[in-house]
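A structural walkthrough
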Amino acid sequence: MNKKQIQKNKGISVENLTLSYEKNLVLNNVNFSIKKGSVVTLVGPNGCGKTTLLKIINGFLRQNEGTVYIDSRNIEKIANRDLARILGHVSQMHKSSFPFSVLDVVLTGRMPYISIFSTPGKEDVEKAYEVLEFMGIAHFAQRPYTQISGGERQMVMIAKALAQEPDFLLLDEPTSFLDLKNQIHVLKTIISLAKTRNITVLMTLHEPNHALLFSDEIILLRKLNGLKNDNFSTLYENSPEASPEKKNLLAFPMKNIVSLGAPEKVMTPEKIKEAYGIAVEVLEHKGKRMIIPEI
Amino acid sequence: MNTKTKALFTAIILLLSVFLSGCVDNSAGDNSTGDNSTGDNSAGDNSTGDNSAGDNSTGDNSAGDNSAGDNSTGDNSTGDNSAGDNNSAGDNSTENEKTDKITVSDDIGREITVPYPCERTVFLVENAMNSMYAVGGADEISGIGAVWYEDTKAPFFRAIDPKYDEKRLSKGSKQPNTETIAKADPQLVFLWASDWGSEDIKAIEENLKVPVYGVYIDSLDDLQRQMKTLSKLIGKEERGEEVIEIMDKSMEKVTDVTGTLSTNEKPTVYWMWGDVYGTAGLNSTASDLIERAGGVNVLSAWTEETKNVEHPTMNLEALLALNPDVIYMWNNENLDPINITSGDTVDGIDFSTWSEISAVKNGRVYEISDPFVYDFHSPRLPLSMMHVAKDLHPDKFADLNLTQEVDQYYVEVYGVHYPGFEPI
Amino acid sequence: MKLPEKEKNYGYPACRLGVSFYSGWKNLAYILFLFLPVPVFLFSIFLGTYPLSPLELIKVLLSHFTAYEYSYPSVYDTVILNIRFPRVLLAMMVGAALSTSGATFQGIFRNPLVSPYILGLSSGAAFGAALSISVIPELPVQVGAFIFSLVALGFSYIMARTGGQTSTVALVLSGVITSAVFGALLSIIQFTTDEKAVQSIVYWTLGCLHTSHWPKFFDSFPLVAAGCLVIYLLRWKLNVLALGEEEAKAVGMNVELYKAIFITAASLAASAAVAVAGIIGLVGLIVPHMLRMIFGPDHRKLIPLSITFGAAFLALVDNVARSTLGFEIPVGIITTLLGAPFFLYLLRTTKMVGWE
């Protein structure tokens, strides 16, 4: 590992990330890095750790081992508030009990810029409107958030994240629960974010075809199926100083990442079979690739 | 979900409790309306000449005790009332004497049939046990349940009943469980009960197959009726009559004087229970006591229907509007009359705001000095009446030496001296 | 995505400037509600069981606060200044505290059906009160209630906290457990105590303001004011929290810290209120809800409105309790009777979302 080299990089670097949850190894020694301004998609079967990975990068979860760097800074050393100014997160499906207006929801994105005893000022409201306009949803700024459609809600949540004025945006399944039109609309909006605002996007997607269409790079993950190792976790937890040598002995040959890089290189039938365990064909149409499962 | 259901339940329970408390109050009111009219027995005998005025109730008077020889038979109200109540019971008892059974009705009007004479009784309610001891039923008590503040009462009970400690089925204020009660092998169990459907009564009657006497008192006459019934149960009617006569005579010492008072001689009295703003409604034992001791329950001047509730709760504003001449406190551990008259703050109540009440202005705040000796739910009721009367009319009762009266009463009723409980 | 220019202009500039008819009406109502306690206070001091005509009352007040001279019996002063003033103000303070803490708890738990008593505050307070009424008479009732309400809250909070996290579901469940435990302890006391004490305990648990006086007001005011002030200052943060903990974390909020601050502030205010007034039910649930129906869920408005409207609401309800029947009806009974149907209505119409 050449730490110095990684640290100099702008963007997100994930190094030796390991996480086990209730003695189930979810992530095992994951390494990758994302260039600034690119749109990267995490693809893989259910339970492969896509969402977990996003949550670690966002600071929601703490890894057992490894480090995440954002613009060469270890995220564990960045205060929540500062992290929120550079990193936005849109979770999978958000519900609200209270009929907050769309504007109020978006305004919460200004949180990292508002000091403890104050409320959003004029500037914050203007920032929120600006973002709403950019997303094309300013016309329902006063509508209750609970009464808009799922697609609109997703746009609002993205707008909320944008109100944080982040350099990085993490999106967890931004298209789930949406119809086709809204899926494409949301994905197009995300792409345009990266292009016009130079925001680095890391998202997870269920639909590999969408990943192919909208990503600069794809990270294909597999599930570490049934890999339990009590020794590993006890060794890790009880004697951390002993881990560097012994860890390698105990480390699993299997890793989460099947492949990563340009979409056409990653999404090949062999690698998809490795990740999902099903046979697919990859077709090309007007320069775009498409995955069709064998039935 | 949990909170939702929980909150719903809480709401339902609260609603129910509101309705239930309403029902209880109503029934209490209904029970007592009949008795209320008898509250005023004008005996018309102005025996005690009023002597030196201006002596406080502390009782260092000269011995003016002319107690025993006072046999005016004009106590018709109480006598009639109880006799009438007991007619049916009396008839039944004569019928059943051959089969050694007796049927009486208890305080809440349930008919109960027990072996005659009843030899083993268990008391889960202390004030009725006092009645039993008073009518000479010490040997017929075979088990004793909860006794509040037992430390202060036990010496007395031990003095009048050497087997008191053996008979205790529980400690202090705890009630024994059904099995412990069964060990005392009772023929009859006494229980506080304000209504027929009481679960406690059912539990004992159905599990032990022992009849239950429901104890309930909400007027002074109730007490003597209860004592008569108890003496009948154990076949000691004579002693019962004797004790009732002693009580009546003692009470006459008060009522003979107070009966002659004109309305404007009677001070208005605010009765203060332990909860300070809780008072005695017009249909309550304490209210009877005030009236007979020569006072007027200040609530009688009130226009609201709630004044008939047994234990209504007032606020200071209403109290100021009623402006009682006297405040009479039930014994209160935290609060003394001096706290009220000097405007202290006790238990979160700032008594300086009471200074406009004429009772406070004139320093006429009194307290029942001993909640056991002057327990007016017990046969010691006449003592309690003297205590109150002496405070309400210090000049009229200057001759009444409370210390002597208590001693004499204890001797006559229980056969021990007070204080000290020396046998005679 | 391009929208027609007309549609785009519809909501946004108008709302931003606050000139649309609807928002104009709302702003007016907002101002009215904020000042509601003033007329309610003036109205309330005219009510009471002591016979005192409005004209006399005005004269007495004028003679106090202006050069106007008027001679009257000194008992009037007691009635007006020492009975009605502290009583109405205490009712207002308690109403404000319960409503504000209710709104806060609802925000934290993201559930509109939550009350300030969700974490066992009320059962703790009832136990503390019962303890001082019948077991430790040396302990003032208010102090006992206050201490044990906080003990109950702390107990719930600590039980729910695992690994530095306190999930709302765990909090709700531990609140239920705490309530049950203190309820059982209360039953033990009630079971082993005498009738009169039980009556006092029951009366206390129903919530009553009839022993109001200035010292009570002054004792509890600092705590209530401090709690409400903290919540007021942080009110916008409740919007962030109310969207969900993950959302709040995503925008950089220290969720655990804010949750602890809000729970502490809301608990302090509510405990101080409960300590002096007993358990007044459903105010903390109804008032924020009514306000949310009219003004929407934005806590920037909801919190100040809860303070003022909660104050006005309880003062009005207490007017019924203290002056309609001549005797004291525990105000908690009235709020519960008013609140229960409302609560059932909410239960049937509100969609339960946000329970993770």
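Residues numbered from 1 in each chain as written. Chains lettered and ligands numbered in written order. Predicted model: local features only at pLDDT ≥ 70, side-chain atom pairs only at ≥ 80, totals over all residues. Heavy atoms only, no water.

A few words now on the overall build of chain A. Looking only at helices and strands, chain A has twelve helices and twelve strands in total. Contacts spanning at least 24 positions in sequence make up 72% of the contacts within chain A whose residues lie at least 6 apart. For chain A, the accessible area works out to roughly 13,400 Å², and carbon and sulfur atoms hold 50% of it. (Helix = DSSP H or I, 4+ residues; strand = E, 2+ residues; numbered from the N terminus. Contact = heavy atoms within 4.5 Å. Areas by Shrake-Rupley, 256 points an atom, 1.4 Å probe, with all protein chains shown as cover.)

Below, the discussion takes up the overall build of chain C. Per the secondary structure count, chain C includes 16 helices and two strands. A compact globule built from 356 residues should have a C-alpha radius of gyration of about 21 Å, and chain C, at 22 Å, falls within 12% of that. Projected onto the principal axes, the alpha-carbon positions of chain C cover approximately 75 × 55 × 35 Å. For chain C, buried positions account for 59% of its 356 residues. For chain C, restricting intrachain contacts to residue pairs at least 6 apart in sequence, the fraction spanning at least 24 positions comes to 76%. Summed over all atoms, the accessible surface of chain C reaches about 13,600 Å², with 71% contributed by carbon and sulfur. When the 22 basic and 17 acidic side-chain charges of chain C are each reduced to a single mean position, those positions are 11 Å apart. (Rg over C-alpha atoms; globule rule 2.2 N^0.38 Å. Buried < 20%, exposed > 50% of the residue type's maximum accessible area, 1.4 Å probe, protein only. Lys, Arg positive; Asp, Glu negative; His and termini not counted. Charge placed at Lys NZ, Arg CZ, Asp CG, Glu CD.)

Right, let's talk about a nonpolar patch on the surface for a bit. Residues and elements named next belong to chain C. A grouping of Phe155, Met159, Ile177, Val181, Leu185 and Ile188 is seen on the molecular surface, where their side chains present a nonpolar patch of about 480 Å² in accessible area. Taken together, the elements giving at least two residues each to the nonpolar patch come down to helix H7 (141-160) and helix H8 (168-191). Among the elements that take part in the nonpolar patch, H8 stands out by supplying four residues, more than any other. Relative to the assigned elements, valine 181 resides in helix H8. (Patch = residues over 30% accessible without salt bridge, like charges linked within 9 Å, V, L, I, M, F, W, Y side chains within 5 Å. Salt bridge = Lys/Arg side-chain N within 4 Å of Asp/Glu carboxyl O.)

With that settled, consider the environment of valine 105 of chain A. With respect to the helices, strands and loops of the structure, valine 105 of chain A is situated in helix H4 (residues 102-107). Once the C-alpha coordinates of valine 105 of chain A and aspartate 167 of chain A are considered, the two residues, 62 residues apart in sequence, prove to be 20 Å apart. For valine 105 of chain A, the contacting residues outside a window of four places in its chain are Phe100, Tyr145, Val156, Met157 and Lys160 of chain A together with Leu243 of chain C.

Another aspect to go through is the confidence of the model for chain A. Note that predicted coordinates carrying low pLDDT should not be read in detail. Of all residues in chain A, 87% have pLDDT values of 70 or greater, and the mean over the chain is 83. Across residues 227-252 of chain A, where pLDDT falls below 50, the model places 25 contacts with residues more than four positions away in sequence or in other chains. (pLDDT = per-residue confidence, 0-100.)

Turning next to the sheet that holds strand S9 (residues 326-329) of chain B. Residues and elements named next belong to chain B. If you walk across this open sheet you meet the four strands as S8-S7-S9-S12, and the pairing is parallel. Of all strands in the sheet, those bounded by a partner on one side alone are strand S8 (296-297) and strand S12 (365-367). Inspection of the sheet shows strand S7 (residues 268-272) paired to S9 by four bridges, in the parallel sense. The partner of valine 269 across the bridge, within S9, is valine 326. On the sheet, helix H14 (residues 381-392) packs against S7, S9 and S12 and is oriented at approximately 155 degrees with respect to S9. (Pairing = 2+ DSSP bridges. Axes fitted to C-alpha atoms, helices over the stretch in contact; angles between N-to-C directions.)

Further remarks concern the packing of helix H4 (residues 54-65) of chain C against helix H5 (residues 74-108) of chain C. Residue and element names in this part refer to chain C. Where H4 contacts H5, the two axes come as close as 10 Å, and the packing angle between them is 85 degrees. Considering the angle they form, H4 stands roughly perpendicular to H5. When H4 is examined against H5, the residues Glu56, Leu57, Val60, Leu61 and His64 are found in contact with a partner set consisting of Tyr76, Asp77, Ile80, Leu81, Arg84 and Phe85. Within the contact of H4 with H5, the residues separate by chemical class into seven nonpolar, one polar and three charged. (Parallel < 35°, antiparallel > 145°, perpendicular 65-115°, else oblique. Nonpolar A, V, L, I, M, F, W, Y, C, P; charged D, E, K, R; others polar.)

The subject of this paragraph is the interface of chain C and chain B. The interface is formed by 50 residues belonging to chain C together with 42 residues belonging to chain B. When chain C packs against chain B, the two sides together hide about 3,900 Å² of surface, and 67% of this comes from carbon and sulfur. With a closest N to O distance of 2.4 Å, arginine 84 of chain C and glutamate 317 of chain B form a salt bridge. Summed over the shared surface of chain C and chain B, the result is six residue pairs in polar contact (both at pLDDT 80 or more). Breaking the side of chain C that touches chain B down by element, the ones donating at least two residues are H5, H8, helix H9 (195-206), helix H10 (214-233) and helix H16 (331-349) of chain C. Ranked by residues supplied to the side of chain C that touches chain B, first place goes to H5 of chain C with eight residues. Here the side of chain C that touches chain B is built from residues that sort into 25 nonpolar, 17 polar and eight charged. (Buried area = accessible area lost by both parts, 1.4 Å probe. Polar contact = N/O pair within 3.5 Å; in protein donor to acceptor, adjacent residues only side chain to side chain.)

Before going further, it helps to examine the pairing of S7 of chain B. Residue and element names in this part refer to chain B. Among the five residues that make up S7, four are buried, leaving the element largely enclosed by the rest of the structure. Note: S7 against S8, two bridges, orientation parallel. Within S8, the position partnered with threonine 268 by the bridge is valine 296. Handedness of the S7-helix H10 (residues 285-292)-S8 crossover: right-handed. (Right-handed = clockwise from strand over helix to strand, strands pointing away.)

Bringing the nonpolar core into the picture now. The biggest cluster of nonpolar side chains holds 141 residues, and the ones touching the most others in it are Leu132, Ile158 and Leu169 of chain A together with Val94 of chain C. Looking at this core element by element, the count peaks at 14 residues for helix H13 (residues 255-277) of chain C. Dropping the residues within four chain positions of it, leucine 169 of chain A is found in contact with Gly88, His89, Val90, Ile158, Ala161, Leu162, Leu193, Ile199, Thr200, Val201 and Leu202 of chain A. Of all hydrophobic cores here, the second largest spans 75 residues; its members include Val125, Leu223, Val326 and Val373 of chain B. (Core = buried A, V, L, I, M, F, W, Y, C linked by side-chain atoms within 4.5 Å.)

Taken together, the 38 residues of chain C in the interface contact 42 residues of chain A. Around 3,700 Å² of area is buried between chain C and chain A when both sides are counted, 66% of it from carbon and sulfur atoms. Counting across the interface, chain C meets chain A through three salt bridges. One salt bridge connects lysine 55 of chain A with glutamate 246 of chain C, and the closest N-O pair in it is separated by 3.4 Å. Seen at the junction of chain C and chain A, the total is eight residue pairs in polar contact (both at pLDDT 80 or more).

To continue, consider the pattern of salt bridges. Residue and element names in this part refer to chain A. Scanning the model with the defined rule gives 33 salt bridges over all chains in all. Among the salt bridges present, the one from glutamate 165 reaches lysine 127, with a minimum N-O distance of 3.9 Å. One end of the pair, glutamate 165, is in the loop between helix H6 (150-163) and strand S7 (168-172); the other, lysine 127, is in helix H5 (residues 122-134), with 38 residues separating them in the sequence. The exposure class of lysine 127 is partly exposed, given its relative accessible area of 25%. Several salt bridges converge on common partners, so that one network encompasses Arg110, Asp124, Lys127 and Glu165.

Once that is clear, we can look at the pairing of strand S12 (residues 288-293) of chain A. Residues and elements named next belong to chain A. Relative to S12, strand S11 (residues 280-285) runs antiparallel, the two sharing six bridges. Across the sheet, the residue bridging to valine 280 is proline 293, located in S12. Taken together, S11 and the strand that follows it, S12, pair antiparallel across an intervening segment of two residues, in which lysine 286 is found at a positive phi of about 50 degrees.

Let us look at the environment of aspartate 161 of chain B. Residues and elements named next belong to chain B. Relative to the helices and strands, aspartate 161 resides in the loop between helix H4 (150-160) and helix H5 (164-167). C-alpha of aspartate 161 to C-alpha of serine 287: the two residues are 126 residues apart in sequence and 32 Å apart in space. If we ignore the near neighbours within four places in the chain, the residues touching aspartate 161 are Tyr133, Ala138 and Lys167. One polar contact links aspartate 161 to lysine 167, side chain to side chain, over a distance of 2.8 Å.

Residue and element names in this part refer to chain A. Strand order in this open sheet of four strands is S2-S1-S4-S5, and the pairing throughout is antiparallel. The outermost strands of the open sheet, each flanked by one partner alone, are strand S2 (24-34) and strand S5 (73-74). The strands touched by helix H2 (residues 50-58) are strand S1 (12-21), S2 and strand S4 (65-70); relative to S2, the strand with the most contacts, the crossing angle is about 65 degrees.

Right, let's get into the packing of helix H14 (residues 283-295) of chain C against helix H15 (residues 299-323) of chain C. Residue and element names in this part refer to chain C. Packing of H14 against H15 leaves a shortest axis separation of 9 Å and a crossing angle of 125 degrees. Comparing the axis directions of H14 and H15 gives the class oblique. As H14 packs across H15, the resulting crossing turns out to be right-handed. Facing Val283, Val287, Pro288, Met290, Leu291, Arg292 and Phe295 of H14, the residues of H15 in contact are Leu302, Leu305, Ser306, Phe309, Gly310, Phe313 and Leu314. Per-class residue counts for the contact of H14 with H15 are eleven nonpolar, two polar and one charged. (Left-handed = near helix turned anticlockwise from the far one by under 90°.)

The next point concerns the packing of aromatic side chains. Per the stated rule, a full pass over the model turns up 40 aromatic pairs over all chains. In this structure, arginine 153 of chain A packs its charged tip against the face of tyrosine 145 of chain A, placed 5.5 Å from the ring centre. The lysine or arginine in question, arginine 380 of chain B, covers the ring of phenylalanine 372 of chain B, its NZ or CZ lying 4.1 Å from the ring centre. (Phe/Tyr/Trp six-rings, centres within 6.5 Å; stacked < 30°, edge-to-face > 60°. Lys NZ or Arg CZ within 6 Å of the ring centre and 35° of its normal.)

This part is about the side chain of serine 99 of chain C. Relative to the helices and strands, serine 99 of chain C resides in helix H5. Not counting the four nearest positions on each side in its chain, serine 99 of chain C is found in contact with Val283, Gly284, Val287, Pro288, Ser306 and Gly310 of chain C.

A few words now on the environment of serine 306 of chain C. Residues and elements named next belong to chain C. Topologically, serine 306 is positioned in helix H15. Assessed through its relative accessible area of 0%, serine 306 is described here as buried. What serine 306 contacts, discounting residues up to four positions off in sequence, is Ala96, Ser99, Thr100, Ala103, Val287, Pro288, Leu291 and Ala311.

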